[in-house]
Amino acid sequence: MTLREVKKGQTVKVVKLNGEGAVKRRIMDMGITKGTEVFVRKVAPLGDPVEVTVRGYELSVRKADAEMVEVE
């Protein structure tokens, strides 16, 4: 399952980051790394962006970036 598929109010754990190069580096720089817990706070009406809480702060993630984060 990817971060994009997670419903509002759920907490999930990051299993793997897909993608490569600058995109993967940007996701990791935002604090989304393997083993991190992510709480989905809000999902915009059209699904883009997704607002999550990671490591104690709020973060908005695009659908395209959220699809690269595998969670359980």
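Only a predicted model underlies this, so the values are computations on that prediction, with no experimental measurement involved.

Engineer: I'd love a proper account of the environment of Lys8, names of residues and values included.
Structural biologist: Mapping Lys8 onto the fold places it in the segment before strand 1 (11-17). The class of Lys8 is exposed, set by a relative accessible area of 63%. Sequence-wise, Lys8 and Arg25 are 17 residues apart; in three dimensions their C-alpha atoms are separated by 26 Å.

Engineer: Quick one: what's the story with the nonpolar core, residue by residue and with numbers?
Structural biologist: Ranked by size, the top nonpolar core spans 18 residues in total, and within it Leu3, Ile32, Val52 and Val69 carry the most contacts. If you list the elements that add at least two residues to this core, you get strand 1, strand 2 (37-43), strand 3 (50-54), strand 4 (57-61) and strand 5 (69-71). Apart from the residues within four sequence positions on either side, Leu3 is in contact with Val12, Val38, Val40, Ala66, Val69 and Val71.

Engineer: Provide a residue-level description of the pairing of strand 2, including the pertinent values.
Structural biologist: With three bridges connecting them, strand 1 and strand 2 associate as antiparallel partners. Within strand 2, the position partnered with Thr11 by the bridge is Phe39. Pairing of strand 2 with strand 3, which is carried by five bridges, proceeds in the antiparallel orientation. Across the sheet, residue Val40 finds its bridge partner in strand 3, namely Val52.

Cut-off values and rules
- Residues numbered from 1 in each chain as written.
- Predicted model: local features only at pLDDT ≥ 70, side-chain atom pairs only at ≥ 80, totals over all residues.
- Heavy atoms only, no water.
- Helix = DSSP H or I, 4+ residues; strand = E, 2+ residues; numbered from the N terminus.
- Buried < 20%, exposed > 50% of the residue type's maximum accessible area, 1.4 Å probe, protein only.
- Core = buried A, V, L, I, M, F, W, Y, C linked by side-chain atoms within 4.5 Å.
- Contact = heavy atoms within 4.5 Å.
- Pairing = 2+ DSSP bridges.

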